[in-house]
Structures are given as structure tokens and as C-alpha cells.
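Understanding the architecture of this molecule
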Amino acid sequence: MIPNIFNIPASDVSVNYLQQIFGYVGGVLCPGGSCSGNAPTVLGAMFQTFNSFILVMAVLLLVYVTIIALVGTAHEGEFMGKKMNNIWIPIRAVLGIALLIPTGVSTIGGGYCGIQILMMWVILQGVGVADAVWNTALTNLRPDLSSSTANAQTAPPIINGSQVFGGLFSGIVCTISAGNSLPSFDSSSTSYNLGSCGELTYCDINASCSGNLSNSTQCAACTVQINTLPPAITLLTGIAQIFVAADKSYLEFFANSWRMPNNPAWDWIYKYCASVGVPQDQCCIGGGIGICNAPSWDQNTSKLYNVNDQNSNQGASSAAVKDIYWPFFVSPKIGGMNFVNVIVQGYETATQKALAAYNQSQGNQNQTSVDNIVQKSGDNGWIFAGALYYQIANQNSTNLKNSQTTLNWTAGDPGSGSRNNITAAGYLVSVAGGNNSTTSAGGGMPGGGNPGQDAGDALSSNFSSNLQGGSALGGSYTNPLLKLQLFGSMLLIIAEALFAVALVVIAVVGFASSIDVFVLGTGITNPTSNFMLIMSMFLIPVFWMVMGLLVSIGATLAVYTPLLPFVYFTFGALAWIVAVIEAMVAGPIVALGVISPSGQHEIMGKAEPAILLLFNLFLRPSLLVFGLVVSMLLASVGVTLVNSTFWLVFGTIPIKDPLTDIFFVVAYVTIILAVLNKCFAVINLIPQQVIRWIGGSPEAVETPTEELKGRIEGAAGKTGGIIGEGAESRSGQHMGGVRKAEDKKRKDRATKDQPGKGITGGGS
């Protein structure tokens, strides 16, 4: 067995793959230098037969050369004649014959001839060089990988933030309005239960931090949630008490202002009257007797609003909340802030900072985790180099998923028997958020919340974070490629959360539109059913289009992008294995070229091109490693360049809506994919082009990147389409059922109203 010049670990996977194909090849492909166990003998047996025939041809060629040489010597009086007067010809003939003698299949030689064993040894030395180059690269990449993993954003976007905290505010107002005490927050529980006013569910700290999870991202995320919720509840409780105080004051004004024309407790209401041109002595509700100078209530509805919701006694009217409660009582006391949005942002910021601090504090653990990945990559050898980026990205994605915690609000059903202000609280949330339309509680969600705005804010925030992370714009460094993959994972999280919210909205709207008001005694049909049916025809397709875009873009960034270096490198490695097989098959033919008397090279004869091809095989593993590292560095620079310049456009737009954000993301991803494909193509470009510098010809390597991208996008599109079609079908069936039921009810009422109809029997 020929000793190796370079140290090749026994765990090198590329050597193992070659052994699975060729066997031991004269002891060259023996992991750790020990040939034990049964090696494949199929190719060895075939080559033994093939080499035997080539040896026969070589012998015939040798006989031909000998005869020509003898005739030339006798005829021309020179050794071997004038044309073959070369001392290297007989040496090459002997060398060629020696290189073609096949070994036994049952022996360590495996049936291969000498030149094949020599070629495989040269190829194996190339593997040793590639392993050394790859280990050097890993040593220098480790700090960057550890830093990027530690600084990677692990806090997922809060899609239902305003729905959760807006709903919680409504529940707290409901509880206080009913005169009940609020429960204490229990960190060991999993819910903050307000009874019939609703329930907030959060993570289980005992389960999240038990056993091996005590020092995990999941435990850190749950801990910061448990620490952040009590101050949020305290802030919401304070604002709820202010709101309930305003409602109580207005109720007293509504009942007693007719006999109390100047009560200091109602100064805030007097300010409202002054803003609409009503003098203080007329800022009252006129009664049958008393000193109020205002007209009766029915004549003054344009100035002072009915304190109760129409057809409901659950809380203050939307007009009263919008025009009187908020601007003149609540807003001045809390600084006019969008308190729900402030709490959501505070919750997100606290979570992100706590998890970032946790990651930094776990420097040794992050280092150990990265070291394990790097160590395993080094042990596996150069051929697994393409999977390194995906392994690191997958670890970051896992950290992102582990940082997700339970946070949901379930709206209650307090009934209409007492004043609970749950709808009025929703009006306040909507007005505080800058939405002057208070016809529904907080944008259509029960108890408050605007999931569309939440999704848009989360998309814009994470997109901005992705553009700035790892760029020249500042901040802690994070590899922009890893940041890109995390952004894709977050898009998928946003899509999943939106889908869950959509199901709730569809269920609530479907239930509300199916109520038959006629049965309740009003004598009118429910006007919302047809409206909801028409709205669903326009909005549902748009929603599923947005969902499809989010899923498609998210899958592209989270799945396709990390696979790019793997795909390019793996297909380059497969091309190298194919080239090794080609070299082994061509080995006996090369020996024939050595025996041939013609040719310019003294030793190789007509087989001179084989030297360059074998040298290419020797270099290709190392050049692939160079191509991988260079492409990752180039891609990092390319993505940073795109991020920095794209931010100059995206970051300067003063007002953006969710749809605009999505179109910006689509444009961004299109540019990024073009850049990444160009950069990672360098993995195979370097091995193909470098050999040209010594006269070789480049060999193209086909990589199915476009096919892979198309299949991922197609699968994502089909997923969105199937979900959308199913939801549209269910929505259509529900609305269709509602419409049929209404038609039937109208026909029944028409039949009942016609004289003589519905009476059986009778005579003429």
C-alpha cells in the first residue's frame, strides 16, 4: 500500500463514498490505513476482465513496436530507425505493460491495474489537501459563526399583539364596570382568568424551565413573558379605571345635569360642550322639571350623546366614547398615546432585549454548539462543506421557534344583564389607535385588535431589521445570509398566525351574520349577512393572495436560500466523483497511450493530456472548498450591498401599508435571489475556470437550482391555494346556507301574511 503524503481522517466521507464504489483499490481506499471488512468487488471484477483485454492489446502493440523497431534498425542502420530513435520508447513500453497488469479480485488489489491504483492515490492526496484547506477555513470561520448565532434575532413577531392586549383591556374594563375585583397575576399558572369577561392564556413556566430546559431559549422566552405581563396588566388596569371613572361621571351627568347646572366634577363635559359651541348653562340633559336651560334630550342629540349603546345596555355608545370620553377625559390623563400599541411594542422590545441578553450570556454555550457543528463538519471532511451554512441557519431557525410562547386572548360572554362596557372598551382601543371608525370593537376583532395592522407592523419591522442587520448601517454584526434565512422563517410565522386569526374572524363574522333578528322580535332581517357575503367575495381572494405571497416568499428565503450553497457544492462534488469514475475507466487506455511509440512527451507519449486531467482531479476538491468559502464571503458582501442600498429607498418612505410592504418584499427577494445565485455559482466556477490558466478546458456542472426554486415556490403556492380554496369553499357554503335560510324565512313570512294561506280544509 502506498503511504499518503497528507493526513486523511478515517471519518472522511468522500473516501468512504469512493470505497463504496470502487472497493479498496490496492489498499489506497482504506480508512485509517486498515483494510478490514468486505469491500464492493463489482467494479473490481469488471476492471480485472477489462484490464486483461487491454493488456492483450498492449502486448500486441508492444509486438508491433518491436517489429517496427527491428526493421528500422536493420534498414536504416540506427537504433530503432530514424522515426523511432528514442531511448524512452522501450522504457515506456515496459512501463506501460507493468501498469496494466491486473491484481486479483480477492486480494486487496481488488482487480485494478497499477495505473488505476496510482491514479486513485493521486486523487486521494487531493482529498487530503482539501481536508487541510477546509479545516483551516473552519478554524477561521468559527468566530464569525459564533457571533452571528449569538446576535441572531430570536424573538418572533407578535402578530396578535393588539388583539391580545386590546382584548385584555376590554376584559379588565368589563370586570371593573361590573364592580368585581381583578385577580392577581399568578406566574405559576397559565391563564389570567376574568371569568365571563374573558381569559388571557400564557406560557407554562414550570414546563418551559423544567429539567434540561432550565437553561434554554424556551425558558428564557417564557421567563421574560411572565416578567412583562404584570406591568402590562397594571398599565391597562390604570387606564381602565380612568375609562370607567369617565363612564360613571357621564352617567351621573346624564341623570342629574338637569338640576345641577354647574358641577365641577363635570368640567370635562363642559369642555366638550364649549368645543361644539354649547354654553355651559345649556350643557345638560333637560328634564321635566329643574333649572336646565337645554332643550329636551330628543331635541339635543346632536350635541350630547346617549350614554348607552343603541339596543344594548352593555356600555357607552361609540359616539360618546369617540367625541367625549377619549378627547376630554381619558386622553389628557394618559398623554393621548395609543396605549395598546405602546404595550405591544414594549412587550416585543422587552422580549427581544431579554433574549438578546440571554444569547450573549450563553456565549460559551453558543460557542460549544457552533464548535460541535464545526467539529463534525471537519471530521466528515471537505465533501460535507456545503451543508455547514444550512446547519448554522437551521440552528438559528430552531432558536427562533423555541422563542415562541403562548399568548392568546379568549373573549368572554358577559351577557346583557349588567353594564360591562366591553364594547365601549373596544371603541376606546380603536379611537386611541387613530381609527375614527368605531362601529366595531377594534377593527373587527372581538374585544379589540387589528390583525391586519399587526401583520403589517410585524412585516415592516422585521423587514427593516433584516435590511439593517449585518450591514454597514451599524448595529451588532450578524451574517446577512443567516439574517435572511431568519427573515424567511418569520414570514412563515406571520403567515401561520394570520391564518389562525383569519379562522377566528371568519367564525365570528359568520356567526354574527347568521343571527335572525326577526326571531328576536324586531321585525327586521339581519342586514349584515348580505353585506358580509358581498365583502367576502372581494376580500377573501385578496387575503389568500397575500397569504400565498407570504408563504411563497417565506419558503423561498427560509428553505431555498440556505440550500443554495449546499446544492451548488453537492453537485460539484458529484461531478468530481463522476470525473473520478471516468479517470478509473480511462486508466488502462492511458497506459496504452504510454506504450504508443508516437507522441511528444518522453514518458507519457500520447497520454500527455492525462497528466493535466489527473491534476484537475487532484485540485478539484480544494478548489470546491475555495469556491464555497469565497462564494459565502461574496454573498455576504452582495447581500449587505443590496440591504444598504435598498434601505435608502424603503427606509425613507414616510407612510407604508401592509400591501406596499409585501410588494417591497417581493422586489427585494427577487433581487436577492439573483445576487445569491450569481454569488454561489462561484462554487463551481472556480474549479471550472482555474484549470484554464495552465491550458485545461472548463467542464460545466449543471445544478438544478431553478428547478428546486420552482418546486419550493410551487409547493408553497399550492399550499396557499389549497388553504384558500378550502376557506373560500367553507365561507361560500356558510354564506350560501345563510342566504338560502333567509330566502326560506321571507317566503314563510310572505305566506303567513297572505289571507287564507296556510289554512287546510274549508268548503266552497
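All figures in this text were calculated on a predicted structure; none of them were measured in a lab.

Take the overall build of the chain next. Looking only at helices and strands, the chain features 20 helices and 3 strands. Within the chain, the proportion of its 764 residues that are buried is 47%. Long-range contacts, defined here as pairs at least 24 residues apart, represent 75% of the contacts in the chain between residues at least 6 apart. Carbon together with sulfur atoms contributes 61% to the accessible area of the chain, which is approximately 35100 Å² in total.

A few words on the state of the cysteines. Two cysteines joined by a covalent bond between their sulfur atoms form a disulfide. What the rule picks out here adds up to 4 disulfides. Sulfur-sulfur distance for the disulfide between C174 and C197 comes to 2.0 Å. As the torsion about the S-S bond is roughly -60°, the C174-C197 disulfide counts as left-handed. Of this pair, C174 sits in helix α5 (residues 161-177) while C197 is found in the loop between β1 (191-193) and β2 (198-202), placing the two residues 23 residues apart along the sequence. Overall, the relative accessible area of 1% leaves C174 in the buried class. Covalent S-S linkage joins C203 and C222, the inter-sulfur distance amounting to 2.0 Å.

Here the distance between the centres and the angle between the planes together describe a pair of aromatic rings. Scanning the entire structure with this criterion turns up 17 aromatic pairs. Look at F47 and Y112: their rings are 5.4 Å apart centre to centre, the planes differ by 40°, and that puts the pair in the tilted class. Of the two residues, F47 sits in helix α2 (residues 42-76) while Y112 sits in the loop between α3 (88-100) and α4 (114-151), which places them 65 residues apart along the sequence. An aromatic cluster of three or more residues is present, and its members are F243, Y250, F253, W266, W268, Y325 and F329. Over the aromatic face of F329 sits the side chain of K333, whose NZ or CZ is 5.0 Å from the ring centroid.

Attention now moves to the pattern of salt bridges. On inspection of all chains with the given rule, the structure shows 1 salt bridge. Between D247 and R419 there is a salt bridge, with the nearest N and O atoms lying 2.7 Å from each other. Remark: R419 occurs in the loop between β3 (407-411) and α13 (422-432) and D247 occurs in helix α7 (residues 217-256); sequence separation between them is 172 residues. For the residue pair D247 and R419, the accessibility class agrees, reading buried in each case.

What follows concerns the environment of G23. Relative to the helices and strands, G23 resides in the loop between α1 (13-22) and α2. Here G23 falls in the buried class, since its relative accessible area comes to 1%. Sequence-wise, G23 and G44 are 21 residues apart; in three dimensions their C-alpha atoms are separated by 7.2 Å.

Turning our eyes to something else, we now look at a nonpolar patch on the surface. Taken together, the side chains of V59, V63, I67 and V71 make up a nonpolar region of the molecular surface, amounting to roughly 320 Å² of accessible area. Along the polypeptide, V63 turns up in helix α2. The class of V63 is partly exposed, set by a relative accessible area of 42%.

Glancing now at the nonpolar core. Judged by nonpolar contacts, the single largest core of 96 residues is most densely connected at W134 and W382. Element by element, the count of residues in this core is highest for helix α16 (residues 528-595), at 22 residues. Each residue touching W134, except ones within four places of it in the same chain, is listed here: S377, G378, G381, W382, A385, L388, V625, L628 and V629. Core analysis: the second largest hydrophobic core is formed by 64 residues, V164, A232, A316 and I324 among them.

In contact at an axis separation of 10 Å, α7 and helix α9 (residues 318-334) are set at 135° when each is read in the N-to-C sense. Regarding the angle of α7 to α9, the classification is oblique. The way α7 lies across α9 gives a crossing that is right-handed. Across from I239, I242, F243, A245, A246, D247 and Y250 in α7, the residues of α9 making contact are V321, I324, Y325, F329, V330, K333 and I334. Residues belonging to the contact of α7 with α9 are distributed by class as follows: 12 nonpolar, no polar and 2 charged.

This part covers the sheet that holds β2. The 3 strands are arranged β1-β2-β3 in an open sheet whose pairing can be described as antiparallel. On the outer flanks of this sheet lie β1 and β3, each paired with one strand and no other. For this sheet, the mean angle separating the axes of adjacent strands, direction not counted, is 15°. Where β1 lies against β2, 3 bridges are found, and the strand directions are antiparallel. Residue pairing for β2: Y192 is matched across the bridge by L200. In the packing of α7 onto the sheet, the strands contacted are β1, β2 and β3, and the crossing angle to β2 comes to about 150°.

We now examine the confidence of the model for the chain. Per-residue confidence for the chain gives a mean pLDDT of 75, with 66% of residues at or over 70. Confidence, read as mean pLDDT per element, is least for helix α20 (residues 705-753) in the chain (51) and greatest for β1 (93). Confidence drops under pLDDT 50 across residues 752-764; counting only partners more than four residues distant or on other chains, this segment forms 1 contact.

Turning our attention to α9. The terminal C-alpha atoms of α9 lie 20 Å apart, and with 17 residues this falls more than 12% below the ideal 24 Å at 1.5 Å per residue. The largest bend along α9 reaches roughly 60° and is located at W326, with the proline P327 sitting one to four residues downstream. Taken together, the buried positions of α9 are A320, V321, I324, Y325, W326, F329, V330, S331 and I334. In this fold, the buried residues of α9 make contact with α7, α8 (267-275), α10 (339-361) and α13.

Time to look at the environment of V594. Its place among the elements puts V594 in helix α16. Of the residues examined, V594 reaches a relative accessible area of 2% and is grouped as buried.

This paragraph deals with unusual backbone geometry. The phi torsion at N421 lies on the positive side, around 60°, for a residue other than glycine. Locating N421 in the fold gives a position in the loop between β3 and α13. By relative accessible area, which is 1% here, N421 ends up buried.

Calculation notes
- Residues numbered from 1 in each chain as written.
- Predicted model: local features only at pLDDT ≥ 70, side-chain atom pairs only at ≥ 80, totals over all residues.
- Heavy atoms only, no water.
- Helix = DSSP H or I, 4+ residues; strand = E, 2+ residues; numbered from the N terminus.
- Buried < 20%, exposed > 50% of the residue type's maximum accessible area, 1.4 Å probe, protein only.
- Contact = heavy atoms within 4.5 Å.
- Areas by Shrake-Rupley, 256 points an atom, 1.4 Å probe, with all protein chains shown as cover.
- Disulfide = S-S within 2.5 Å.
- Phe/Tyr/Trp six-rings, centres within 6.5 Å; stacked < 30°, edge-to-face > 60°.
- Lys NZ or Arg CZ within 6 Å of the ring centre and 35° of its normal.
- Salt bridge = Lys/Arg side-chain N within 4 Å of Asp/Glu carboxyl O.
- Patch = residues over 30% accessible without salt bridge, like charges linked within 9 Å, V, L, I, M, F, W, Y side chains within 5 Å.
- Core = buried A, V, L, I, M, F, W, Y, C linked by side-chain atoms within 4.5 Å.
- Axes fitted to C-alpha atoms, helices over the stretch in contact; angles between N-to-C directions.
- Parallel < 35°, antiparallel > 145°, perpendicular 65-115°, else oblique.
- Left-handed = near helix turned anticlockwise from the far one by under 90°.
- Nonpolar A, V, L, I, M, F, W, Y, C, P; charged D, E, K, R; others polar.
- Pairing = 2+ DSSP bridges.
- pLDDT = per-residue confidence, 0-100.
- Expected span 1.5 Å × (residues − 1).
- Bend = angle between axes of the 7 residues up to and from the residue.

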